[in-house]
Amino acid sequence: HDVTERRRAEEANARLAAIVTSTTDAIISFDAEDGRILSWNRGAEELFGYTEAEAVGAPVGLLLPPDLAQQDPTGVFRRVMAGERVHEHATERVTKSGERVAVSITASRMLAPDGRILGVSGIFRDMRQRNAAEERQTLLAREVDHRAKNALAVVQSIVHLTRDRDPEAFKRAIA
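Please read all numbers here as calculations on a predicted model, not as lab measurements.

Peer 1: How would you summarise the overall build of the protein if you had to cite specific residues and measurements?
Peer 2: Each helix and strand counted, the protein has seven helices and five strands in total. Mapped in sequence order, the helices and strands of the protein form the string α-β-β-α-α-α-α-β-β-β-α-α. Against the 2.2 N^0.38 benchmark of 16 Å for 175 residues, the protein shows a C-alpha radius of gyration of 28 Å, more extended than a compact globule. Seen along its three principal axes, the alpha-carbon backbone of the protein occupies a region of about 100 × 45 × 30 Å. Put simply, 38% of the contacts in the protein that link residues at least 6 apart link residues at least 24 apart. As displayed, the protein offers around 12200 Å² of accessible surface, 54% of which is attributable to carbon and sulfur atoms.

Peer 1: Kindly report on the side chain of Thr-91, identifying the contributing residues and their values.
Peer 2: Relative to the helices and strands, Thr-91 resides in strand β3 (residues 86-94). With a relative accessible area of 17%, Thr-91 lands in the buried category. A polar contact of 3.4 Å, which involves the side chain of Thr-91, links it to the side chain of Arg-93. Ignoring anything within four residues of it in the chain, the contact list for Thr-91 reads Leu-68, Val-101, Ala-102, Val-103 and Ile-105.

Peer 1: Account for the pairing of strand β4 (residues 100-111), with residues named and values stated.
Peer 2: Note on strand geometry: in a regular strand, side chains alternate between the two faces of the sheet. Two elements, β3 and β4, share seven bridges in a ladder whose sense is antiparallel. Bridging from a neighbouring strand, Thr-91 pairs with Val-103 of β4. Hairpin geometry of β3 and β4 is characterised by an intervening segment of five residues between the two adjacent antiparallel strands and by a positive phi of about 95 degrees at Gly-98. As defined by bridge partners, β4 adjoins strand β5 (residues 117-126) across nine bridges and the pair is classed as antiparallel. Bridge pairing in β5 links Val-103 to Asp-126.

Peer 1: Report on the packing of aromatic side chains, specifying residues and quantitative values.
Peer 2: In this description, an aromatic ring pair is defined by two values, namely the gap between the centres and the angle between the planes. In total, this model carries four aromatic pairs according to the counting rule given. Arranged with centres 6.0 Å apart and planes meeting at 45 degrees, the rings of Trp-40 and Phe-48 form a pair that is tilted. When its relative accessible area of 4% is taken as the criterion, Trp-40 is described as buried. On the accessibility criterion, Phe-48 (1% relative accessible area) is buried.

Peer 1: With reference to specific residues and values, describe a nonpolar patch on the surface.
Peer 2: On the surface, a cluster of nonpolar side chains totalling about 230 Å² of accessible area is made up of Leu-152, Val-155 and Val-159. Looking at the secondary structure, you find Leu-152 in helix α6 (residues 128-161). For Leu-152, a relative accessible area of 48% translates into the label partly exposed.

Peer 1: Explain the nonpolar core to me, using residue names and the numbers behind them.
Peer 2: Of all hydrophobic cores here, the largest spans 22 residues; its most connected members are Ile-28, Trp-40, Phe-48 and Phe-124. Elements with a contribution of two residues or more to this core: β1 (26-31), β2 (37-40), α2 (42-48), α5 (75-81), β4 and β5. Of all the elements, β4 adds the most residues to this core, at four residues.

Peer 1: Residue-level account of unusual backbone geometry, with values.
Peer 2: Within the chain, Glu-88 stands out as a residue other than glycine whose phi angle is a positive 50 degrees. Mapped onto the elements of the fold, Glu-88 is located in strand β3.

Peer 1: Talk me through the pairing of β5; I want residue IDs and the actual numbers.
Peer 2: Bridge count between β1 and β5: six bridges; the pairing is antiparallel. Paired with Ser-29 across the strands is Ser-121, a residue of β5.

Peer 1: Describe the environment of Phe-124, with residues and values.
Peer 2: Structurally, Phe-124 can be placed in strand β5. Judged by relative accessible area, which is 5%, Phe-124 ranks as buried. Sequence-wise, Phe-124 and Asn-13 are 111 residues apart; in three dimensions their C-alpha atoms are separated by 21 Å. Setting aside anything within four residues of it in sequence, one finds Phe-124 in contact with Asp-25, Ala-26, Ile-28, Phe-30, Leu-47, Phe-48, Arg-93, Val-103, Ser-104 and Ile-105.

The rules we used
- Residues numbered from 1 in each chain as written.
- Predicted model: local features only at pLDDT ≥ 70, side-chain atom pairs only at ≥ 80, totals over all residues.
- Heavy atoms only, no water.
- Helix = DSSP H or I, 4+ residues; strand = E, 2+ residues; numbered from the N terminus.
- Rg over C-alpha atoms; globule rule 2.2 N^0.38 Å.
- Contact = heavy atoms within 4.5 Å.
- Areas by Shrake-Rupley, 256 points an atom, 1.4 Å probe, with all protein chains shown as cover.
- Buried < 20%, exposed > 50% of the residue type's maximum accessible area, 1.4 Å probe, protein only.
- Polar contact = N/O pair within 3.5 Å; in protein donor to acceptor, adjacent residues only side chain to side chain.
- Pairing = 2+ DSSP bridges.
- Phe/Tyr/Trp six-rings, centres within 6.5 Å; stacked < 30°, edge-to-face > 60°.
- Patch = residues over 30% accessible without salt bridge, like charges linked within 9 Å, V, L, I, M, F, W, Y side chains within 5 Å.
- Salt bridge = Lys/Arg side-chain N within 4 Å of Asp/Glu carboxyl O.
- Core = buried A, V, L, I, M, F, W, Y, C linked by side-chain atoms within 4.5 Å.

Right under this line is the structure:
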């Protein structure tokens, strides 16, 4: 028997497994039938606080904050199962300790070679540092704007105090 194709498939799976294992992003897969968690990588453990043993087999809503769970407990999962590819969906999830975490979710269906839907694979990216950096940048931009307006107000005051209409006299007065 020629095992070349099988060996290539095993090597491809090994490469993918190494990527999933080494990333700091949380990568979680969910079963197509009931949405239960099928796989949970180290990034998921670090972000959400549950060990793999605690998470695998848990329902799709494990990470949903209570208010989101009441609204639509299977939102992203349901959308992906319907054929939509979710790309960088900004939302919140909850950790084992109860902390709400801003995340970006990218998810798609997992298909078997025969086309059957196996489930959903999701990548959850922690957005806390990015959001904090954006807030700092917004604050700094507002501060720069405020200081520029103050400087302009000083210049306008000097100009108003100068009553000369002759350009050369005006120039000497404010220089």
